[in-house]
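# Notes for the structure review
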Amino acid sequence: MTTYSVRPATSRDAQAIADIHVSTWQAAYKDLMPDDHLSKITVAKRLAYWREAIEYSEPQVLVATAGDEVVGFVGFDRSRDAGTKSTVGEIWALYVAPSRWGEGAGLALWDGARDGLKEEGCTTVTAWVLLRNERALRFFEQAAGFKREMPSLKTVPFGTAKLEEIRLKRVVD
């Protein structure tokens, strides 16, 4: 397994983060989302989003690197779900370049996010995952120790399709 370093993202990382975000969506969701929706996810749009997120730390963003190459990122902060306590954190996004899947970068990013959430005083953490995204569910459940919250299922529009997401949850320890 490759060794990865995890550090806070800087503005110089925004391009790599946007590239990874789009390439991962294209690879991971190609059989889950309509092509018309996936084709609207552009690097330019993601670049604007991630530049702002990094600048304002909303969410906090960490990157995993192999040498000088950014290979993945995680965005995390307080939960965006209505009515949650201030001690509940959320993984807003966790993406690794498809060429690096299964090499440990995701776990390194999760470890970094968990440490950041602990520092923020979070005692539990959630993540919303597409119910049909088996790779992501395997990662969160088997590698990162999350459990499904069955009554949390929600339907979310993605272009012309409506897909189900499920909230996963675990203790921050």
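Structure: above.
Residues numbered from 1 in each chain as written. Predicted model: local features only at pLDDT ≥ 70, side-chain atom pairs only at ≥ 80, totals over all residues. Heavy atoms only, no water.

Looking only at helices and strands, the protein chain has five helices and seven strands in total. If one aligns the C-alpha atoms of the protein chain with their principal axes, the spans along those axes are about 40 × 40 × 35 Å. Split into buried and exposed, the 173 residues of the protein chain put 50% on the buried side. Of the contacts made within the protein chain by residues no fewer than 6 positions apart, 62% connect residues no fewer than 24 positions apart. Only carbon and sulfur atoms are counted for the fraction: they give 49% of the accessible area of the protein chain, which is about 9,000 Å². Seen as two clouds, the 23 positive and the 24 negative side-chain charges of the protein chain have centres 3 Å apart. (Helix = DSSP H or I, 4+ residues; strand = E, 2+ residues; numbered from the N terminus. Buried < 20%, exposed > 50% of the residue type's maximum accessible area, 1.4 Å probe, protein only. Contact = heavy atoms within 4.5 Å. Areas by Shrake-Rupley, 256 points an atom, 1.4 Å probe, with all protein chains shown as cover. Lys, Arg positive; Asp, Glu negative; His and termini not counted. Charge placed at Lys NZ, Arg CZ, Asp CG, Glu CD.)

Next up on the list: the pattern of salt bridges. One side chain can pair with another of opposite charge once the charged atoms of both are near each other. Taken as a whole and assessed by the stated rule, the structure comprises 12 salt bridges. The salt bridge involving Arg-148 is made with Glu-141; its shortest N-O contact spans 2.5 Å. Arg-148 gets classed as partly exposed once you look at its relative accessible area, which sits at 36%. A salt bridge links Glu-165 to Lys-154, with the nearest nitrogen and oxygen atoms 3.9 Å apart. Remark: Lys-154 occurs in strand β6 (residues 147-158) and Glu-165 occurs in strand β7 (residues 161-171); sequence separation between them is 11 residues. Each of Asp-81, Glu-149, Arg-167 and Lys-169 takes part in one network of salt bridges that share partners. (Salt bridge = Lys/Arg side-chain N within 4 Å of Asp/Glu carboxyl O.)

Take the packing of helix α1 (residues 14-28) against helix α3 (residues 43-56) next. Between α1 and α3, the least distance of the axes is 8 Å, while the angle of their chain directions is 130°. Overall, the two elements α1 and α3 adopt an arrangement that is oblique. Both α1 and α3 take part in a crossing whose hand is right-handed. The residues of α3 that touch α1, namely those facing Ala-14, Gln-15, Ile-17, Ala-18, Asp-19, His-21 and Val-22, are Val-43, Arg-46, Leu-47, Trp-50, Arg-51 and Ile-54. When its residues are assigned to classes, the contact of α1 with α3 shows eight nonpolar, two polar and three charged. (Axes fitted to C-alpha atoms, helices over the stretch in contact; angles between N-to-C directions. Parallel < 35°, antiparallel > 145°, perpendicular 65-115°, else oblique. Left-handed = near helix turned anticlockwise from the far one by under 90°. Nonpolar A, V, L, I, M, F, W, Y, C, P; charged D, E, K, R; others polar.)

The subject of this paragraph is the sheet that holds strand β4 (residues 88-96). In space, the seven strands of this open sheet follow the order β1-β2-β3-β4-β5-β7-β6, with mixed pairing throughout. Both outer strands of the open sheet, β1 (5-8) and β6, are each paired with one neighbouring strand and no more. This sheet shows a mean twist of 30° between the axes of neighbouring strands, independent of strand direction. When strand β3 (residues 69-78) meets β4, the two strands line up antiparallel, connected through seven bridges. Within the sheet, the bridge partner assigned to Val-74 lies in β4 and is Leu-94. (Pairing = 2+ DSSP bridges.)

Let us now look at the layout of surface pockets. Estimates place the volume of the largest pocket at around 1,000 Å³. What lines the largest pocket is a set of 43 residues, and nearest its centre among them are Tyr-29, Leu-94, Tyr-95, Ala-136 and Phe-140. Those elements giving two or more residues to the lining of the largest pocket turn out to be α1, α3, β4, α4 (105-119), β5 (124-130), α5 (134-143) and β6. Looking at the lining of the largest pocket element by element, the count peaks at seven residues for β4. (1 Å grid on protein atoms, 1.4 Å probe; cavity = no way out; pocket = protein on both sides within 12 Å on 5 of 7 lines; lining within 4 Å. Points joined across faces, edges and corners; volume = space filled by probe spheres on them.)

This paragraph deals with the packing of aromatic side chains. Evaluated as defined, the whole model comprises eight aromatic pairs. Aromatic side chains Tyr-49 and Trp-50 sit 4.8 Å apart centroid to centroid with 90° between the ring planes, which places their arrangement in the edge-to-face category. Taking the relative accessible area as the measure of exposure, Trp-50 reaches 1% and is therefore buried. Pairwise contacts between aromatic rings join Tyr-49, Trp-50, Phe-73 and Tyr-95 into one cluster. Lying across the ring of Tyr-49, Arg-46 places its NZ or CZ 4.9 Å from the centre. Over the ring of Trp-92 we find Arg-80; its NZ or CZ atom is 4.3 Å from the centre of that ring. (Phe/Tyr/Trp six-rings, centres within 6.5 Å; stacked < 30°, edge-to-face > 60°. Lys NZ or Arg CZ within 6 Å of the ring centre and 35° of its normal.)

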